Amino acid sequence: MYLLRFQKSVPHTCQRSAFIRQTQKIKNVMKKYLILIVLASLYSCTEKKEVAPGAPGNDPTWAFSGKTGIGTSYEAYKDGKYQENEKTGKVSKVWFSIAKGVLTETMWGLIHQAQIKDMQLVIKGNDFVDIESQDAHAEISYLTTDSKGRPTSLAYKVLTKDKEGHYEIEKHIFTHPENNALFVRYLLKPQREGIEFYLSTNPHIANTGTNDFAEVTAQGFHAWEGDSHLSMQANITFEEKSVGFVGASDGVSSLRENGQTGKTWLSTGEKAGNVSFIAKLPNTDTAIDIAVGFGKSREQSDDAANKSLNDGYQKTLAMYVGEGDAVGWQDYLESLQGLKEIRDTAMDGGKLAHVSALVLKAQEDKTHAGALIASLSNPWGDTIIADRSSTGYKAVWPRDFYQCAMALLALGDRETPKVAFEYFKKIQVGDNTPGNNGVGGWFLQKTHVDGELEWVAVQLDQTAMPIMLGWKLWQHEVLNDTEAQHWYKTMLKAAADFLVEGGETNLEWNKTVIKPPYTQQERWEEQEGYSPSTMASVVAGLITAAELAKHSADDASADRYLARAREYTSKIEARTFTTDGVFDKENSRGDGRYYLRITQNEDPNDNGKLLDRNGRGELNEAEILDGGFLELVRYGVRKADDPHIRESLPEYDDTSLPEEFRVKYEFRDGEHSYPGWRRYGDDGYGENATNGENYGAGGVMAAGQRGRVWPFFTGERGHYELAYALESASNLDETIGELRSTYVAGMEFFANEGLMLPEQVWDGVGTATRHEFAMGEGTNSATPLAWTHAEYVKLLRSLADKQVWDSYPVVSESLAQ
């Protein structure tokens, strides 16, 4: 008003116009400054309220390791690599897992690089607050199946209900095949008035849970660490969005304590830590679609989530499965001629065979094609502090790798085993191995999928198995003659030379002299010495190397490999078969004559002590029963009816032994009973039988720890019984029927409701206070274990073919000459 009055006092029109323009500019500038001052004041006032307190929050952990589902999109190779192609388009590098009815570790980038620990609902009623994974019962099934109920993709439906009938939750989980994004559909079904649903997410960006930042965005949420970003968006508007530090300012803790999410925090500020998101979901009959995008920047992660939502549920699922013109998991299964040939051998109609094919292929990295991991899980993860990046079982072991490649070959996949075999070169020790100043030729014990060193002990079976696989691929014409010669000269010859000569290692801590067949570690990665299972692989590796050497016109090496294989074979019993064992007729069903698990000298009758491992102390080698001797039969080193093999079975199968020494257990399912075996007697790699705690809880190797039953031994025994039947059965077809009813059905019994096969199952010994396990149920060690799925597939293949799939007739033939 003052300016207007002043303007009227100006006499001349031109002067007045100029004055008006000038004063208007002054007024606009003043407005801008006033707005900035007000905004700065508001920001200063609200910043303290909007930034979550309590950094860094509670110590982060990983999730329960007993997965009932895993998933990723199917991608086709192009020139032996994963890259954009005309079949499956862009490559999506997202994997997820499911446990206890909720989404758990979700990876992006390399297959071990977790970005999410878990994502689940919190349900609030008038007089209760439920955590979905803890307070409700979940059932899992597959979204897509064929006409016989066999799963055709790794897309899941999870139905969650509470005991009181207050609510039902239906989730559909899969990934977008062309975006780095996870897709989850929620169908919320409250059964009472006053039910509210909150979505809680605990990011673990860049494979740790300690250095994360989080903020609320207009579309949803954003979390990041360094150049790893996660964006969550939805097809609905999130309500009451908030971020915080777990245990200090997170909405879940507040809901449990007082029934409210508490203050709304829009950012975790400049302090990093263990962060979480929470948002209230609208009570609606409409499906709620959540997309979680990943990228190297917020722009990339936002884009991945947004594009996935724009594509929508139907299109994304169709691409994932492979419906219409899209190429997906259905197409992969359809390409597997071997799967079609063996699934009728199954006792469940082929359901587990389909899932095994999907699981084996899904557990391959998509940056380093061919890198097959052991399991998409972190063993006993819920008590493992996630303060530094770790792989758990999401890593490469050549032994597990070999099992998977052989199973994929049995299924009729001729591409993946070849790409996997060629990958072996990345993890063979040589001049290019960082820090190596010792002998080369052997294969690293455990590595990241990119070849980064993790464990560096020498396990001779892991050096033999790449040779064995190469020979098998050559015999099946996956490798042609020229390729077989190439790989012999560039990779396998060095491995065979190491199996003959050994040498002095000098890599990180490992500075020792290896003298084969004495191994620094056997297949359980715990003991050094002479091991029947290791020597079985070494002999098979040398004899197949001799065949490749002859094919490559390297006759001198062929003769040397064969001579050393015969030498090793001739001393197996002298080194590892006790004739005066502690399990004799007085205290067992045996006679004191059996193979030892391992011995550290050439006297198996001296009651030598083994190294203290897993809290079990220094054990008497003669007290430790182990089924590794059956590998001698599988690989052709000994016949199935060899007296030493037959004499070892009564002790190995003796169910009257004290629990610490006992290896075999029976599992009842109605009228049926199925056999299972532990790795070896007095194994300590498992839950504590005294107090129910996880293995290694608190970083302590407790004396009460107990290794449980491993389902793949049921498959190994089935293979042995088939080999024995081939030598002795009067009615082979009838015997194979019995083997199917016992060993195939037994492995199917061990599969969980999501048809995932575990590493270990509960044997009923001791307490299970931390997690209540039923007899035969998978424990918290690692599920799914690729090796177990591989053994199941190979057993189907062997029974269908009426011959052991991964036997090596050339071994027995060469040793007989």
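The preceding data block contains the structure.
About the criteria used
Residues numbered from 1 in each chain as written. Predicted model: local features only at pLDDT ≥ 70, side-chain atom pairs only at ≥ 80, totals over all residues. Heavy atoms only, no water. Helix = DSSP H or I, 4+ residues; strand = E, 2+ residues; numbered from the N terminus. Expected span 1.5 Å × (residues − 1). Buried < 20%, exposed > 50% of the residue type's maximum accessible area, 1.4 Å probe, protein only. Arc of directions from axis to C-beta. Contact = heavy atoms within 4.5 Å. Core = buried A, V, L, I, M, F, W, Y, C linked by side-chain atoms within 4.5 Å. Pairing = 2+ DSSP bridges. Axes fitted to C-alpha atoms, helices over the stretch in contact; angles between N-to-C directions. Parallel < 35°, antiparallel > 145°, perpendicular 65-115°, else oblique. Left-handed = near helix turned anticlockwise from the far one by under 90°. Nonpolar A, V, L, I, M, F, W, Y, C, P; charged D, E, K, R; others polar.

### Section: helix 14 (residues 555-570)
Phase 1 of the analysis: Between its first and last C-alpha atoms helix 14 spans 23 Å; for 16 residues at 1.5 Å apiece the expected length is 22 Å, and the two agree.
Phase 2 of the analysis: Those residues of helix 14 that fall on the buried side of the exposure criterion are S557, A558, Y561, L562, A565, Y568 and T569. Projected down its long axis, helix 14 shows its buried positions confined to an angular sector of 130 degrees, all on one face. Away from the buried face of helix 14 by more than 90 degrees, exposed residues A556, D559 and S570 are located.
Phase 3 of the analysis: On the buried face of helix 14, the contacting elements are helix 12 (481-501), helix 13 (532-551), helix 15 (572-576) and helix 21 (809-816).

### Remarks on the nonpolar core
In globular proteins that are soluble, nonpolar side chains generally tend to be buried together.
Phase 1 of the analysis: Counting residues in hydrophobic clusters, the biggest one holds 221 residues, and the most contacted among them are Y186 and F238.
Phase 2 of the analysis: Tallying contributions element by element places helix 13 first for this core, with 11 residues.
Phase 3 of the analysis: Each residue touching Y186, except ones within four places of it in the same chain, is listed here: M119, L121, I169, E170, K171, L199, A287, I288 and I290.
Phase 4 of the analysis: Core analysis: the next-biggest nonpolar cluster, separate from the first, contains seven residues, V129, I131, Y198 and V252 among them.

### Concerning unusual backbone geometry
Phase 1 of the analysis: Cis geometry marks the peptide bond from A55 to P56; its omega dihedral reads 5 degrees.
Phase 2 of the analysis: That bond from T783 to P784 is cis: its omega, 0 degrees, falls within 30 degrees of zero.
Phase 3 of the analysis: Here P784 is to be found in the loop between helix 19 (732-750) and helix 20 (786-801).
Phase 4 of the analysis: In this structure, N607 takes a positive phi of about 55 degrees despite not being glycine.
Phase 5 of the analysis: Mapping N607 onto the fold places it in the loop between strand 22 (594-595) and helix 16 (630-634).
Phase 6 of the analysis: Judged by relative accessible area, which is 37%, N607 ranks as partly exposed.
Phase 7 of the analysis: At K802, a position not held by glycine, the phi torsion is positive, near 60 degrees.
Phase 8 of the analysis: Relative to the helices and strands, K802 is located in the loop between helix 20 and helix 21.

### Here we look at the pairing of strand 9 (residues 181-190)
Phase 1 of the analysis: Within strand 9, seven of the 10 residues are buried, leaving the element largely enclosed by the surrounding structure.
Phase 2 of the analysis: Pairing geometry for strand 8 (residues 167-176) and strand 9, over 10 bridges, is antiparallel. Looking across to strand 9, one finds that F174 is bridged to F183.
Phase 3 of the analysis: Connecting the antiparallel pair strand 8 and strand 9 is a turn made up of four residues.
Phase 4 of the analysis: When strand 9 meets strand 16 (residues 288-295), the two strands line up antiparallel, connected through six bridges. Across the sheet, residue V184 finds its bridge partner in strand 16, namely I290.

### Notes on the environment of E477
Phase 1 of the analysis: Along the polypeptide, E477 turns up in the loop between helix 11 (460-475) and helix 12.
Phase 2 of the analysis: Given a relative accessible area of 65%, E477 falls into the exposed group.
Phase 3 of the analysis: E477 sits 121 residues away from S356 along the chain, and the two C-alpha atoms are 24 Å apart.

### So, the pairing of strand 11 (residues 213-216)
Phase 1 of the analysis: Across four bridges, the pairing between strand 11 and strand 12 (residues 220-225) is antiparallel. Looking at the pairing, V216 lines up with F221 of strand 12.
Phase 2 of the analysis: Between strand 11 and strand 12, which pair antiparallel one after the other, the connecting turn spans three residues.

### Some thoughts on the packing of helix 8 (residues 351-362) against helix 9 (residues 398-411)
Phase 1 of the analysis: Orientation of helix 8 relative to helix 9, taken along the N-to-C sense of each, is 130 degrees, at an axis distance of 10 Å. Taken together, the axes of helix 8 and helix 9 are oblique relative to one another. In the packing of helix 8 onto helix 9, the handedness of the crossing is left-handed. Residue-level contacts link A357, L360 and K361 of helix 8 to C404, A407, L408 and L411 of helix 9.
Phase 2 of the analysis: Across the contact of helix 8 with helix 9, the residue classes tally to six nonpolar, no polar and one charged.

Treat this as a map of the structure, not an account of what it does.
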